[in-house]
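Summary of structural features
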Amino acid sequence: MDPLVAAASVIAASLAIGLAAIGPGIGQGNAAGQAVEGIARQPEAEGKIRGTLLLTLAFMESLTIYGLVIALVLLFANPFA
Amino acid sequence: MLNFLSAVSSLPLAKIEVGHHLYWQLGNLKIHGQVFLTSWFVIGLLVIASLAATRNIRRIPAGIQNFMEYALEFIRDLAKNQIGEKDYRPWVPFIGTLFLFIFVSNWSGALIPWKLIRLPEGELAAPTNDINTTVALALLTSLAYFYAGFSKRGLGYFKKYIEPTPILLPIAILEDFTKPLSLSFRLFGNILADELVVTVLVLLVPLFVPLPIMALGLFTSAIQALVFATLAAAYIHEAMAGHGDEGHEEH
């Protein structure tokens, strides 16, 4: 592999993960905070809130996973190598 | 890349490799043999479990019949919650197949010591960590919701593209492409990420330390199977209901 391409790919992979983690981090924090608030307000709804929260967290997590897929493609299956 | 890790490769551990496959030549097609082997294993497991559960059905369920009835009830509730009381019944088999296949594949990759079976090239893992499997499942979902909408509403189904305003037509068409894309990438990325994290941790500390991450992997794989099935059901419901012309039931 051309060293320039290798270096650029490694930097791009780390940026892909790092930047893709920002948004979902904020979103998951918001969702978890609201869920805690909801449980504190209405403890009897805990089961329902927890189920919905886990499902929503999985959706947000997938945004970072898209970044991870790009990073993996750059590292292991680089089209420019 | 990652050459420095080859020093520890004498241990019987899974290697960090993405994109190495056991190729089978089938006519003009090159297929990934290890994915087929594990998929057949998963399918066989599911078929045997279903046959064993329905072989002698009792009025009071016990053993595996009890377990499979619980699984069926879970899937039926999932479909009913998403699609609604009226039309959910025909879609239970499809959504149940998706859920069970993905769930058992994900867990088989984590729980069964595939590494003990040596292959000439590549290695056995969960079928869902190959993007071809997840893309196939996602495209099946696309076909399913097209069929659902078309059979329920006829040509009126295509009105949804220009429904609020024709300006949004490109976005509505784009949505049909991003749905399978995001479905397949989500599943593929999660499973591959789990396996990679576990492999890297096992390389660093081979004993005990990776166990919590493995447990987390089991949890996320189960959630991903649930998410895939839920989203498939939600897309089918959206295609059948249209954009608010019948009024959404509360879920």
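Residues numbered from 1 in each chain as written. Chains lettered and ligands numbered in written order. Predicted model: local features only at pLDDT ≥ 70, side-chain atom pairs only at ≥ 80, totals over all residues.

**What to know about the overall build of chain A**
What counts is decided by this rule: Helical segments are the DSSP runs of H or I of at least four residues, strand segments are the runs of E of at least two, and each set is numbered from the N terminus. The contact criterion used here is simple: two residues whose C-beta atoms, placed from the backbone, lie within 7 Å are in contact.
Looking only at helices and strands, chain A has two helices and zero strands in total. When contacts within chain A are restricted to residue pairs at least 6 apart in sequence, those whose partners lie at least 24 apart make up 80%.

**Considering the interface of chain B and chain A**
Note the cut-off: When residues are grouped by polarity, Ala, Val, Leu, Ile, Met, Phe, Trp, Tyr, Cys and Pro land in nonpolar, Asp, Glu, Lys and Arg in charged, and all others, Gly among them, in polar.
Listed by partner, the interface residues are 14 residues for chain B and 13 residues for chain A. Those elements giving two or more residues to the side of chain B that touches chain A turn out to be helix H5 (169–204) and helix H6 (211–241) of chain B. Ranked by residues supplied to the side of chain B that touches chain A, first place goes to H5 of chain B with seven residues. For the side of chain B that touches chain A, a count of residues per class yields eight nonpolar, five polar and one charged.

**Examining helix H4 (residues 131–153) of chain B**
Residue and element names in this part refer to chain B. Convention followed: To estimate how far a helix should extend, the number of its residues minus one is multiplied by 1.5 Å. Whether a residue is buried, exposed or partly exposed follows from its count of other C-beta atoms within 10 Å of its own C-beta, namely 20 or more, 12 or fewer, or something in between, respectively; the C-beta atoms are built from the backbone.
Compared with an ideal rise of 1.5 Å per residue, which puts 23 residues at 33 Å, H4 spans 33 Å between its outermost C-alpha atoms and is within 8% of the ideal. Within H4, burial applies to Thr133, Thr134, Leu137, Ala138, Thr141, Tyr145, Ala148 and Gly149. The inward-facing, buried residues of H4 contact helix H1 (33–54), helix H3 (92–111), H5 and H6.

**Topic: the pairing of strand E2 (residues 29–32) of chain B**
Residues and elements named next belong to chain B. Just so we agree on the cut-off: Only strands joined by at least two bridges in the DSSP assignment are considered to pair.
Across four bridges, strand E1 (residues 23–26) lies against E2 in antiparallel orientation. From the neighbouring strand, Trp24 faces E2, where its bridge partner is Ile31. What sits between E1 and E2 in their antiparallel hairpin is a turn of two residues, with Gly27 showing a positive phi close to 65 degrees.

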